[in-house]
Amino acid sequence: MNRALQTTKYIFADIISSGFAWYLFFNFRKEVIEPAKFGYPVPIEYDDRFYAGLVLIPLFWTSLYALLGMYKNIYRRHRLKELGQVMFSNLIGVIILFFAVLIDDQIANYQNYYRSILFLLVAHFSLTFTFRFILTTRTVKQIHKRVIGFNTLLVGGNQKALKVYDEMETMVPGPGFNFIGYISLNGKDQLIEDELPWLGSFQDVESVVAKEGIEEVIIAVEKSEQQKLGQVLSRLENLRVRIKIIPDIYDILAGSVKMTSIFGAPLIAISTQIMPEWQLFLKRLMDISASLFALVVLSPVYFAVALIVKLTSPGPIIFKQERIGQFNKPFFIYKFRSMRQDAESGTPKLAKEGDPRITPFGRFMRKTRLDELPQFFNVIKGDMSLVGPRPERQYFIDQIMEVAPHYRHLQKVKPGITSWGQVKYGYAENVNEMVQRLKYDVLYIENMSLAIDFKIMAYTILTVLKGDGK
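In this text, all values refer to a predicted model and were calculated from it rather than measured experimentally. (Residues numbered from 1 in each chain as written. Predicted model: local features only at pLDDT ≥ 70, side-chain atom pairs only at ≥ 80, totals over all residues. Heavy atoms only, no water.)

**Some details on the pattern of salt bridges**
Defined as follows: Any carboxyl oxygen of Asp or Glu within 4 Å of a side-chain nitrogen of Lys or Arg constitutes a salt bridge here. Any residue under 20% of the maximum accessible area for its type is buried, any over 50% is exposed, and the rest in between are partly exposed; the area is computed with a 1.4 Å probe on protein chains only.
A full pass over the atoms with the stated rule returns 12 salt bridges. With its nearest N and O atoms 3.0 Å apart, the salt bridge here joins Asp 355 to Arg 357. The residues Asp 355 and Arg 357 share a single accessibility class, namely buried. Three or more residues are tied together by salt bridges with common partners; here these are Arg 3, Arg 76, Glu 215, Glu 216 and Lys 244.

**Section: the environment of Val 172**
Quick note on the threshold: Here a strand is any run of E in DSSP of at least two residues, a helix any run of H or I of at least four, and the numbering for each starts at the N terminus.
Examined against the element boundaries, Val 172 turns out to sit in the loop between α5 (159-170) and β2 (177-184). Expressed as a C-alpha distance, the spacing of Val 172 and His 144, which sit 28 residues apart in the sequence, is 7.4 Å.

**A word on a nonpolar patch on the surface**
Convention followed: Residues enter patches when their relative accessible area tops 30% and they take part in no salt bridge; the joining distance is 9 Å for like charges and 5 Å for the nonpolar side chains Val, Leu, Ile, Met, Phe, Trp and Tyr. For accessible areas, the Shrake-Rupley method is used with a probe of radius 1.4 Å. Any residue's cover is judged against the shown protein chains and nothing else.
Among the surface-exposed residues, Phe 20, Tyr 23, Ile 44, Tyr 46, Tyr 51, Leu 54, Val 55, Leu 56 and Leu 59 lie close enough to one another that they form a single nonpolar patch of about 820 Å² accessible area. Elements represented by at least two residues in the nonpolar patch include exactly α1 (3-38) and α2 (48-67). Examining the composition of the nonpolar patch, we find that 5 residues originate from one element, α2, more than from any other. When you line up the elements, Tyr 23 lands in helix α1. Tyr 23 gets classed as partly exposed once you look at its relative accessible area, which sits at 32%.

**Overview of the pairing of strand β9 (residues 330-336)**
The condition is simple: The pairing criterion is simple: DSSP has to find at least two bridges between the two strands.
Here strand β8 (residues 318-324) runs beside β9; their pairing, made up of 7 bridges, is antiparallel. Opposite Glu 322, over in β9, you have Phe 332 as the bridge partner. Remark: 5 residues form the turn of the hairpin made by β8 and β9, two consecutive strands paired antiparallel; Phe 327 in that turn has positive phi of roughly 55 degrees.

**Describing the environment of Phe 125**
To be explicit about the condition: What makes two residues a contact is simply this: any of their non-hydrogen atoms within 4.5 Å.
Summarising the element assignment, Phe 125 is placed in helix α4 (residues 111-144). Judged by relative accessible area, Phe 125 falls into the partly exposed class, the value being 22%. Considered as a pair, Phe 125 and Leu 295 are 170 residues apart in the sequence and their alpha carbons are 42 Å apart. If we ignore the near neighbours within four places in the chain, the residues touching Phe 125 are Leu 83, Val 86, Met 87, Asn 90 and Thr 130.

**A closer look at helix α11 (residues 360-368)**
Within α11 the residues assigned to the buried category are Phe 361, Gly 362, Met 365, Arg 366 and Thr 368. In this structure, the buried residues of α11 make contact with α10 (299-312), β9 and α16 (450-466). Positive phi shows up at Arg 369, right after α11, with a value of about 65 degrees.

**Some thoughts on a negative patch on the surface**
How we decide: None of His or the chain ends enter the tally, which takes Lys and Arg as positive and Asp and Glu as negative. By convention, charge coordinates are those of NZ in Lys, CZ in Arg, CG in Asp, or CD in Glu.
Together, Asp 166, Glu 169, Asp 194 and Glu 195 give the surface a local cluster of negative charge. Within the secondary structure, Asp 166 sits in helix α5.

**Considering the confidence of the model for the protein chain**
Test applied: For every residue, the predictor reports its confidence as pLDDT, a number between 0 and 100.
Looking at the protein chain, the pLDDT average stands at 84 and 90% of residues meet or exceed 70. Scored below 50 in pLDDT, residues 249-257 shows 15 contacts in the model against residues more than four places distant or in partner chains. The model gives residues 259-264 a pLDDT under 50, and that stretch makes 18 contacts with residues more than four places away or in other chains.

**With respect to the nonpolar core**
Note the cut-off: In plain words, nonpolar cores are sets of buried Ala, Val, Leu, Ile, Met, Phe, Trp, Tyr and Cys residues tied together by side-chain atoms within 4.5 Å.
Core analysis: the largest hydrophobic core is formed by 42 residues, its most contacted members being Val 305, Phe 336, Met 365, Phe 376, Leu 386 and Tyr 444. Among the elements that make up this core, the one with the highest residue count is helix α15 (residues 431-446) (6 residues). Once residues within four sequence positions are removed from consideration, Val 305 is found in contact with Phe 336, Phe 361, Met 365 and Leu 370.

**Quick look at the packing of aromatic side chains**
Two descriptors summarise a pair of aromatic rings, namely the distance from one centre to the other and the angle between the planes of the rings. Condition: In this analysis, rings of Phe, Tyr and Trp, with Trp reduced to its six-membered ring, are considered paired at centre separations within 6.5 Å, and the interplanar angle assigns stacked below 30 degrees, edge-to-face beyond 60, and tilted for intermediate values. Two limits define a charge over a ring: the Lys NZ or Arg CZ must be within 6 Å of the ring centre, and within 35 degrees of the ring normal.
Across all of its chains, the model carries 22 aromatic pairs by this definition. On the numbers, 4.7 Å between centres and 50 degrees between planes, the contact of Tyr 46 with Phe 50 is tilted. According to the relative accessible area criterion, Tyr 46 is partly exposed, its value standing at 33%. Taken together, the ring pairs in this structure connect Phe 20, Trp 22, Tyr 23, Phe 25, Phe 26, Phe 28, Tyr 46, Phe 50, Tyr 51 and Phe 119 into an aromatic cluster. One residue, Arg 76, lies across the ring of Phe 150, its end atom 4.0 Å from the ring centre. Its end group placed over the ring of Phe 332, Lys 320 keeps NZ or CZ at 4.7 Å from the ring centre.

**Looking at the packing of helix α9 (residues 277-297) against α16**
Keep this limit in mind: A fitted line through C-alpha atoms represents every axis, and for helices the fit uses only the stretch in contact; the resulting angles, taken between N-to-C directions, go from 0 to 180 degrees. By the definition adopted for this analysis, an angle is roughly parallel if under 35 degrees, roughly antiparallel if over 145, roughly perpendicular if from 65 to 115, and oblique otherwise. Any residue outside Ala, Val, Leu, Ile, Met, Phe, Trp, Tyr, Cys, Pro, Asp, Glu, Lys and Arg is labelled polar, Gly included; the first ten of those are nonpolar and the last four are charged.
The interhelical angle for the contact between α9 and α16, taken along N-to-C directions, is 30 degrees, at an axis separation of 10 Å. The orientation of α9 with respect to α16, classified from their angle, is roughly parallel. Of α16, the residues touching α9 (which contributes Gln 279, Leu 282, Lys 283 and Met 286) are Leu 450, Asp 453, Phe 454 and Met 457. A per-class count over the contact of α9 with α16 returns 5 nonpolar, 1 polar and 2 charged.

Structural data, given as structure tokens:
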């Protein structure tokens, strides 16, 4: 599957349809709207405004579609979803264009506004949906014919797993699963191994998913194995895979899943999406904009803090340390150094109240969060977000996982400069306090939204201004 090529096809189709819709709309205004205003035929002249629109209008529409996630999971689109998304996005787009472009039109009466909006909406929707319907129909047919398939891992090796595999393989039309192999919960099982290669136990699931390029995971466990289901889901939810499960254990996951049907095969799809696509897009846009703004506006503060750090204690100005980010990916976090140069030698240690390793100015920075300012560079790089769970070192993550395995939930999102746990709890001095802070970060993830982000940032600003950070 060539996702880049398929995405390009959709973008190109959207550019053509939006450009042609603008051409039709421009002619409609010249032939219908303007003559009604002036009382005489208006010649159609393709002026600078027309050509500017021919460039800017398609750019507007493709940007809007990207914002709404219409170029993601390009091989997983279906015609009913296409219809709904195109209708919704076109309605939003036309309303925006009306206030940005059309409201200044010279019209005979307000009814012509409605005629203009209706014409643009119908023309743009008809063209856009037609092109997208053709592309999506072709993709759906290729999936049905098993030309396109998604690498699928089967979890379980007993009778139920074999039954699921046989059902999916014989189903007409094809459901889109390209079975690569299976992993077991209780060792190899000859029953399913005759059909699919054994790829390891469920403890190996992370490496199997990465090595085999797995996109779908179907869990088919027996009743005797259901006590391990929570462990399996905990390992899977931070991986970029779609998780589906057999319906007869729906009661175990009531409230956290939704029923679906994959071309006639009823499965439970476990939703791992934290925020809608448009909110994720806006969150990233806000991260970049706010970080760039902070770097420019606070440049005198950066210079002053850097100078004081350099003059008050020997050592580098910036402290760099490896942390674990989204999807368990390591990255280097940047801070203004608040401790002595040799503070991190040997076994990793957390800072404590009155810690002698903290410099006098470092203590002030930690209370006002000034030491965190260089992390705006981490945000621009994409390693972090403005708001998200604080990233930890692998050394401490291993200890946290022993007493709180649900720490994995935090790695579903990007770590942040500030977090609900940081606001409520401050810096943790030991693993036990990390676990205590964890509940606030899990609560944030379960209720994650732009509104919550703004609230946390507001509390963080108050902490900085009052200087009462822990």
